Amino acid sequence: MNHPPVTLPRLSALARQAAPRLLEAVVAPLVVFYAAMMLLGLHWALVLTCSWVYVGVAWRLIKRIPVPATMYLAAAAITLRTVIGLWTGTWVWYFIQPELGTICISIAFLASVRLNRPLVEKLTLDYIHLPNAVLKHERVRKFFARITLLWAFVLLMNSGLSIALAIYESLAGSLSGYIVLRTSAVALISGLAITVSIFGFKRLLRRLHVAHA
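It should be emphasised that the depicted structure is a prediction, and the values quoted were computed from it without experimental measurement. (Residues numbered from 1 in each chain as written. Predicted model: local features only at pLDDT ≥ 70, side-chain atom pairs only at ≥ 80, totals over all residues. Heavy atoms only, no water.)

### Details of the overall build of the protein chain
What the protein chain contains, in helices and strands, is eight helices and zero strands. In sequence order, the protein chain lays out its α and β elements as α-α-α-α-α-α-α-α. Scored against the burial criterion, the 213 residues of the protein chain give a buried share of 38%. Within the protein chain, contacts between residues separated by at least 24 positions form 70% of all contacts whose residues are at least 6 apart in sequence. Summing over all exposed atoms, the protein chain offers an accessible surface of approximately 12900 Å²; the carbon and sulfur share of this is 70%. (Helix = DSSP H or I, 4+ residues; strand = E, 2+ residues; numbered from the N terminus. Buried < 20%, exposed > 50% of the residue type's maximum accessible area, 1.4 Å probe, protein only. Contact = heavy atoms within 4.5 Å. Areas by Shrake-Rupley, 256 points an atom, 1.4 Å probe, with all protein chains shown as cover.)

This is the structure:
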């Protein structure tokens, strides 16, 4: 099968594009929540973490920078989490809510592969730019389908483990224990999946380079 010429992006360039957004969307909210929790208590931790997401959206709108669809979803999700967290006055439901949503997302990942529209491809394009010629390549499409399946099962595993830990640690009355155990377990599982994804993508790029050399 003939494919259009492929302009291969460098992995280091893709990482530089993705890193700032991942830091803003994933790492920073966790830091804000944990720091506010230690210094100001649960209510302020909920409010300030929610505010962080809205500040990021507002800053992009003011600067007329395109807002990724994932940011709108994150804003809606964290608003619901914050309202329920403030209403119940407990950290357990604040952390369990997104896990229930993540289970739904993992099911959507599985369905997207079945529909031949793998969601990992769409989410990837929110963080990095890939040329159309690359996206249309048969090997690239198969890669995104396989990685979508991988992350569907990773999300299910992380969510199930997180819910179990939240229930266990809530009975023990230990938020700090939950944070340490959950963060460590999710970091390990996700780190392995990220490593597999990166090496898989590097292998894909090498094969494309050989095919079009």
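### A word on the layout of surface pockets
Looking at the second largest pocket, its volume works out to about 290 Å³. Along its surface, the second largest pocket is lined by Arg-139, Lys-142, Phe-143, Arg-146, Ile-147, Phe-199, Gly-200, Arg-203, Leu-204 and Arg-207. Class assignment for the residues of the lining of the second largest pocket results in four nonpolar, one polar and five charged. (1 Å grid on protein atoms, 1.4 Å probe; cavity = no way out; pocket = protein on both sides within 12 Å on 5 of 7 lines; lining within 4 Å. Points joined across faces, edges and corners; volume = space filled by probe spheres on them. Nonpolar A, V, L, I, M, F, W, Y, C, P; charged D, E, K, R; others polar.)

### Let's talk about the side chain of Thr-82
Along the chain, the position of Thr-82 falls in helix 3 (residues 69–88). Excluding residues that lie within four positions of it along the chain, Thr-82 makes contacts with Leu-46, Val-47, Cys-50 and Tyr-94.

### Here we look at the environment of Val-113
Relative to the elements of secondary structure, Val-113 occurs in helix 4 (residues 91–114). For Val-113, the residues in contact, after removing those within four places along its chain, are Ala-145, Thr-148 and Leu-149.

### Re the nonpolar core
Counting 19 residues, the largest nonpolar core has Phe-33, Trp-91, Tyr-94, Phe-95, Leu-175 and Tyr-178 as the members making the most contacts within it. Taken together, the elements giving at least two residues each to this core come down to helix 1 (11–39), helix 2 (42–62), helix 3, helix 4, helix 7 (138–172) and helix 8 (175–211). Within the second largest apolar cluster, 16 residues are counted, among which are Phe-109, Phe-143, Ala-152 and Leu-205. (Core = buried A, V, L, I, M, F, W, Y, C linked by side-chain atoms within 4.5 Å.)

### Digging into the environment of Glu-99
The residue Glu-99 is located in helix 4 in this model. Classification of Glu-99 by relative accessible area gives buried; the value is 5%. On a C-alpha basis, the gap between Glu-99 and Ser-162 in space is 7.2 Å, while along the polypeptide they are 63 residues apart. Leave out the neighbours within four places in its chain, and Glu-99 touches Asn-158, Ser-159, Ser-162, Ile-163 and Arg-182.

### What about a positive patch on the surface?
The grouping of Arg-139, Arg-146, Lys-202, Arg-203, Arg-206 and Arg-207 at the surface amounts to a positive patch. Where the positive patch is concerned, the elements lending two or more residues are helix 7 and helix 8. Per-element accounting of the positive patch gives the leading share, four residues, to helix 8. Within the secondary structure layout, Arg-206 lies in helix 8. Note on Arg-206: relative accessible area 52%, which makes it exposed. (Patch = residues over 30% accessible without salt bridge, like charges linked within 9 Å, V, L, I, M, F, W, Y side chains within 5 Å. Salt bridge = Lys/Arg side-chain N within 4 Å of Asp/Glu carboxyl O. Lys, Arg positive; Asp, Glu negative; His and termini not counted. Charge placed at Lys NZ, Arg CZ, Asp CG, Glu CD.)

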